[in-house]
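Coordinates in review
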Amino acid sequence: MRYILTILLFISGLLAQNLLVNGDFEQPLSNGWLIDTSTTNLIINRATNYDPDPDYEALVQKATGTGYAKLYQRVDIPSVQLAFSCNAKLIATTT
């Protein structure tokens, strides 16, 4: 039984993949990420002070007015059976 468990853990490790390029934001956003906007009143960058942990996070902030700001990646995926995980903070206000 121990051998079967070891083989299953090894196979599941092979199947688990990080499909994003620069998914941890440790490199500049120009590596792997695409930016699309329809407004000029925005901020898109990365820094270490957006979360209490010491690594990098990304910030996409759009000020008042119409339009949008997107930070995204297009990724070829081997299957639609995916486990997705992220830590996100959304702040929305009205004026």
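Up top is the structure these notes are about.
Attention in this report is confined to the structure presented alongside it.

Basis of the calculations
Residues numbered from 1 in each chain as written. Predicted model: local features only at pLDDT ≥ 70, side-chain atom pairs only at ≥ 80, totals over all residues. Heavy atoms only, no water. Helix = DSSP H or I, 4+ residues; strand = E, 2+ residues; numbered from the N terminus. Contact = heavy atoms within 4.5 Å. Areas by Shrake-Rupley, 256 points an atom, 1.4 Å probe, with all protein chains shown as cover. Phe/Tyr/Trp six-rings, centres within 6.5 Å; stacked < 30°, edge-to-face > 60°. Buried < 20%, exposed > 50% of the residue type's maximum accessible area, 1.4 Å probe, protein only. Lys NZ or Arg CZ within 6 Å of the ring centre and 35° of its normal. Salt bridge = Lys/Arg side-chain N within 4 Å of Asp/Glu carboxyl O. Core = buried A, V, L, I, M, F, W, Y, C linked by side-chain atoms within 4.5 Å.

Description of the overall build of the protein
- A tally of regular secondary structure across the protein gives 1 helix and 4 strands.
- When the helices and strands of the protein are listed from N to C terminus, the series reads α-β-β-β-β.
- A sequence separation of at least 24 residues applies to 46% of the contacts in the protein between residues at least 6 apart.
- Element-wise, carbon and sulfur atoms account for 57% of the exposed surface of the protein, whose accessible area totals about 8200 Å².

Some details on the packing of aromatic side chains
- Going through the model one piece at a time under the given rule, you end up with 1 aromatic pair.
- Ring geometry for Phe 25 versus Trp 33: centroids 5.0 Å apart, planes at 15 degrees, classification stacked.
- Using a relative accessible area of 17% as the deciding quantity, one classes Phe 25 as buried.
- A relative accessible area of 13% means that Trp 33 is categorised as buried.
- Seen from the ring of Tyr 56, Arg 46 lies directly overhead, with NZ or CZ sitting 3.7 Å from the centre.
- The positively charged end of Lys 70 is found above the aromatic ring belonging to Tyr 72, 5.5 Å away from the centroid.

Quick word on the pattern of salt bridges
- All told, the structure shown has 1 salt bridge when counted by the stated rule.
- Between Asp 36 and Lys 70 there is a salt bridge whose closest N-O contact spans 3.5 Å. One end of the pair, Asp 36, is in strand S1 (residues 34–37); the other, Lys 70, is in strand S4 (residues 69–72), and 34 residues separate them in sequence.

As for unusual backbone geometry
- With phi around 60 degrees, Asn 22 is a residue other than glycine that occupies positive phi space.
- Classification of Asn 22 as buried rests on a relative accessible area of 8%.
- For Phe 25, which is not glycine, the phi torsion reads 60 degrees and is therefore positive.
- In this structure, Phe 25 sits in the loop between helix H1 (2–15) and S1.

Description of the nonpolar core
- The biggest cluster of nonpolar side chains holds 5 residues, and these are Phe 25, Leu 29, Trp 33, Ile 44 and Leu 71.
- Ignoring sequence-local partners within four residues, the contact set of Phe 25 consists of Trp 33, Arg 46, Tyr 56, Glu 57, Ala 58 and Leu 71.

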